[in-house]
Amino acid sequence: MTAEFPLTWLYVPGDRPEVVVKALASGADVVLVDLEDAVAPARKEYARAATADLLSEPPPVPVHVRVNALDSPLAETDLKSLAPLPGLSGLRLPKVSSPADVVRVAEGATPAEGGAIPVYALLETALGVEHAFAIASSHRALRGIAIGETDLRADLGVRDDAGLDWSRARVIVAARAAGLPPPVQSVYPDIRDVEGLAASCAHGRALGFLGRAAIHPRQLPIIERAYLPTPAEIDSAEAIVKAAANDPGAQALPDGRFIDAAVVVGAHRTLALARRLS
């Protein structure tokens, strides 16, 4: 069952089924099986076959698959092979640069029981970021957008991490404007740098991300801790909700804070996240 607010998304290479099995037991909210960057060209067919075997029945946690580049024959075969399988919870599309990329996949990848497979677009180029809102609002099957920061950094020639903040904010605003959940933060590539990951998560949360992709299970508790509300935030949210229940209009709390409907909505989301702690 998918968490109400998935916070941890763990990438694993599709050609390492033994690693995928461990990932399913890691505590990640979603496991992302990667058929693209993490798999060498000579092992693409094996990775697809191993993933199809995994998805022949529903796994214990949601599994999404990142298919190969959409302009390659590999992607077409990935989609035809995996879309009908009952264990597939979502498709992650790399290097999406236009709404047409999403529409083509969403309308062509139909599960065996009909309906639409949830699709997630990765924006990894300047053109993708430039078209962020058009992509985010392109199709009803699209459930989220996110940045692929390694490729975007190379495309932009950005060396300092702060140079990506404008693109990050652009994608966050586009997602929310299209009615999508806040995007998931991109991976932190150094699995040994615990303090750096925690600081990066705090910065991402301040920007408006919700949750983060990971490349190693040891990163999961750090990400979850960073994105879960603190005790002080929970206390504040409870006070706001209680005050709003007594008086639904805009008002000032005894401590001087002004609250209105938007603040109450945020408080309810904080408390929904807090339920993960119980």
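Here the structure is shown first, and the text comes after it.
Let me sum up the structure you'll find in this document.

Definitions and cut-offs
- Counting restarts for each chain: residues are numbered from 1 in the order of the written sequence.
- Where local features are concerned, this predicted model is filtered to residues with pLDDT of at least 70; where side-chain atom pairs are given and counted, the filter is 80 or more; whole-chain, interface and lining totals use all residues.
- Each side-chain value is derived from all of the structure's non-hydrogen atoms; neither hydrogens nor water enter the calculation.
- What counts as a helix is a DSSP run of H or I of at least four residues, what counts as a strand is a run of E of at least two, and both are numbered from the N terminus.
- Radius of gyration here is computed from C-alpha atoms only, and the compact-globule reference equals 2.2 Å multiplied by the residue count raised to the power 0.38.
- In this analysis, two residues are considered to be in contact whenever any of their non-hydrogen atoms come within 4.5 Å of each other.
- Note on definitions: angles span 0 to 180 degrees between N-to-C directions of axes, and those axes are lines fitted to C-alpha atoms, for helices only across the stretch in contact.
- In what follows, roughly perpendicular refers to angles from 65 to 115 degrees, roughly parallel to angles under 35, roughly antiparallel to angles over 145, and oblique to any angle outside these ranges.
- The handedness criterion is simple: a crossing whose near helix is rotated anticlockwise from the far helix by less than a right angle is left-handed, and one whose near helix is rotated clockwise is right-handed.
- Note on exposure labels: buried denotes an accessible area under 20% of the residue type's maximum, exposed denotes more than 50%, and partly exposed covers the range between, all computed with a 1.4 Å probe on protein chains only.
- What a helix should span is 1.5 Å times the count of its residues minus one.
- Two N or O atoms count as a polar contact when they lie within 3.5 Å, although within protein this holds only if one can serve as hydrogen donor and the other as acceptor, and sequence-adjacent residues are included solely when both atoms are side-chain atoms.
- Two strands are counted as paired when DSSP detects at least two bridges linking them.

### What about the overall build of the protein?
When its secondary structure is counted, the protein shows 12 helices and nine strands. Taking 2.2 N^0.38 as the reference for a compact globule, 278 residues should give roughly 19 Å; the C-alpha atoms of the protein span a radius of gyration of 20 Å, in line with that estimate. For the protein, the spread of C-alpha atoms along the principal axes amounts to about 65 × 40 × 35 Å. Looking at the protein alone, contacts between residues at least 24 apart form 68% of all its contacts between residues at least 6 apart.

### Overview of the packing of helix α11 (residues 231-246) against helix α12 (residues 261-274)
With their axes 9 Å apart at the nearest point, α11 and α12 run at an angle of 130 degrees to one another. In terms of orientation, α11 and α12 fall into the oblique class. Crossing handedness for the pair α11 and α12: left-handed. Every residue of α12 that contacts α11 at E233, I234, A237, E238, I240, V241 and A244 is listed here: V263, V264, A267, H268, T270, L271 and A274.

### Observations concerning unusual backbone geometry
Phi at K95 takes a positive value of approximately 50 degrees, unusual for a residue other than glycine. K95 sits in the partly exposed class, given a relative accessible area of 30%.

### Side note on the environment of A175
Among the secondary structure elements, A175 is positioned in helix α8 (residues 165-177). What makes A175 buried here is its relative accessible area of 0%. Separated by 39 residues in the primary sequence, A175 and A136 have C-alpha atoms spaced 5.8 Å apart. In this structure, A175 is in contact with A136, I145, L180, P181 and P183, ignoring residues within four places of it in sequence.

### Here we look at α8
If you check α8, its first and last C-alpha atoms are 18 Å apart, about what 13 residues at 1.5 Å a residue would give, namely 18 Å. What α8 keeps buried is the set D165, S167, R168, V171, I172, A174 and A175. Residues of α8 that are buried sit in contact with β5 (119-123), α5 (126-130), α6 (132-136), β6 (142-147), α7 (149-156) and α9 (194-207). Looking at the residues trailing α8, positive phi occurs at G179, about 80 degrees.

### A closer look at the side chain of D101
Structurally, the position occupied by D101 is in helix α4 (residues 99-108). Of note is the side chain of D101, whose polar atom sits 3.0 Å from the backbone nitrogen of S97.

### Some points on the environment of D193
Among the secondary structure elements, D193 is positioned in the loop between α8 and α9. According to the relative accessible area criterion, D193 is partly exposed, its value standing at 28%. In this structure the C-alpha to C-alpha distance between D193 and Y120, which are 73 residues apart in sequence, comes to 28 Å.

### Focus on the pairing of β6
Across the six residues that make up β6, a large majority, five, are buried. Of the strand pairs in this sheet, β5 and β6 are connected by five bridges, and their pairing is parallel. Opposite L123, over in β6, you have I147 as the bridge partner.

### Quick notes on the sheet that holds β6
Strand order in the open sheet formed by seven strands is β6-β5-β4-β3-β2-β1-β7, and the pairing between neighbours is parallel. The open sheet has two edge strands with one neighbour each: β6 and β7 (212-214). Taken over all neighbouring pairs, the strand axes of this sheet differ in orientation by 25 degrees on average, direction set aside.

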